Amino acid sequence: MVTATLKKGSGTMGQINRKPIRRVKVSKQRQINIPKDFYDALNITDEAIIEFTGKEIIIRPAEYETVDFSADILKDLVRQGYSGNELIQQFTRIKVEIPSALERMKKEAMANPVVTGSLEDYLDTVEDEEGDE
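Residues numbered from 1 in each chain as written. Predicted model: local features only at pLDDT ≥ 70, side-chain atom pairs only at ≥ 80, totals over all residues. Heavy atoms only, no water.

(A) A look at a nonpolar patch on the surface. The grouping of Val24, Val26, Ile32, Ile34 and Tyr39 at the surface amounts to a nonpolar patch, some 390 Å² of accessible area in total. Take valine 26: it is sitting in the loop between strand E2 (19–22) and helix H1 (36–42). (Patch = residues over 30% accessible without salt bridge, like charges linked within 9 Å, V, L, I, M, F, W, Y side chains within 5 Å. Areas by Shrake-Rupley, 256 points an atom, 1.4 Å probe, with all protein chains shown as cover. Salt bridge = Lys/Arg side-chain N within 4 Å of Asp/Glu carboxyl O. Helix = DSSP H or I, 4+ residues; strand = E, 2+ residues; numbered from the N terminus.)

(B) Structural context of the packing of aromatic side chains. Evaluated as defined, the whole model comprises 0 aromatic pairs. For the cation-ring pair, arginine 22 lies above phenylalanine 38, with the distance from its terminal atom to the ring centre recorded as 5.4 Å. (Phe/Tyr/Trp six-rings, centres within 6.5 Å; stacked < 30°, edge-to-face > 60°. Lys NZ or Arg CZ within 6 Å of the ring centre and 35° of its normal.)

(C) Inspection of helix H3 (residues 84–111) at higher detail. Relative to the 40 Å expected for 28 residues at 1.5 Å per residue, H3 spans 41 Å between its end C-alpha atoms, a close match to the ideal helical length. The axis of H3 is deflected most strongly, by about 40 degrees, at isoleucine 98, and proline proline 99 appears within four residues downstream. Listed as buried for H3 are Leu87, Gln90, Phe91 and Ile98. Buried residues along H3 sit in contact with helix H2 (70–79). (Expected span 1.5 Å × (residues − 1). Bend = angle between axes of the 7 residues up to and from the residue. Buried < 20%, exposed > 50% of the residue type's maximum accessible area, 1.4 Å probe, protein only. Contact = heavy atoms within 4.5 Å.)

(D) Inspection of the side chain of glutamine 90 at higher detail. Inspection of the secondary structure puts glutamine 90 in helix H3. Engagement of the side chain of glutamine 90 in a polar contact is seen with the side chain of arginine 93, the distance being 2.8 Å. The residues touching glutamine 90, leaving out its near neighbours within four places in the chain, are Leu77 and Tyr82. (Polar contact = N/O pair within 3.5 Å; in protein donor to acceptor, adjacent residues only side chain to side chain.)

(E) Structural view of the confidence of the model for the protein. Confidence along the protein averages 80 in pLDDT terms, with 78% of residues attaining 70 or more. Per-element confidence in the protein is highest for H2, whose mean pLDDT is 94, and lowest for strand E1 (residues 13–16), whose mean pLDDT is 54. (pLDDT = per-residue confidence, 0-100.)

(F) How the structure looks around the nonpolar core. Counting residues in hydrophobic clusters, the biggest one holds 5 residues: Ile73, Leu77, Leu87, Phe91 and Ile98. Where this core is concerned, the elements lending two or more residues are H2 and H3. Counting residues per element, this core draws most heavily on H3, which supplies 3 residues. With sequence-adjacent residues up to four places away left out, leucine 87 is seen in contact with Leu74, Leu77, Val78 and Tyr82. (Core = buried A, V, L, I, M, F, W, Y, C linked by side-chain atoms within 4.5 Å.)

(G) Representation of the packing of H2 against H3 within the structure. Two numbers describe how H2 lies on H3: the axes approach to 10 Å, and their chain directions differ by 135 degrees. By the angle between their directions, the pair H2 and H3 is classed as oblique. The two elements H2 and H3 meet at a crossing, and its hand is right-handed. In this structure, H2 uses Ser70, Ile73, Leu74, Leu77 and Val78 to contact H3, whose residues at the interface are Leu87, Gln90, Phe91, Ile94, Lys95 and Ile98. Class assignment for the residues of the contact of H2 with H3 results in 8 nonpolar, 2 polar and 1 charged. (Axes fitted to C-alpha atoms, helices over the stretch in contact; angles between N-to-C directions. Parallel < 35°, antiparallel > 145°, perpendicular 65-115°, else oblique. Left-handed = near helix turned anticlockwise from the far one by under 90°. Nonpolar A, V, L, I, M, F, W, Y, C, P; charged D, E, K, R; others polar.)

Right, dumping it as structure tokens:
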């Protein structure tokens, strides 16, 4: 393993294993500034994903996935016997409710997290359960 040390206060860019690195300050409020060239290269906008691996913090651009439930909604409504204008009305009603339903699900998931304790312990447990099958 190749290691390098950046001198404290050094604003210069170094490289470890051919990866650009930069030393940044952490404020008393736990804030950091992402160097502009890193920010621009990742095309970060208003949100980022931060992952803690137990040894490192990884920052990635938040990618938005558009999920379209239209086909599933229509299939379900047709199975329920809707057709014509009634089908259109029901589809429109349900489609409008999706964002608030997803937000409720998100809040419920955040209020009752599945992982308690360390992520590493949880993953070990999941691996053990998969091995038992």
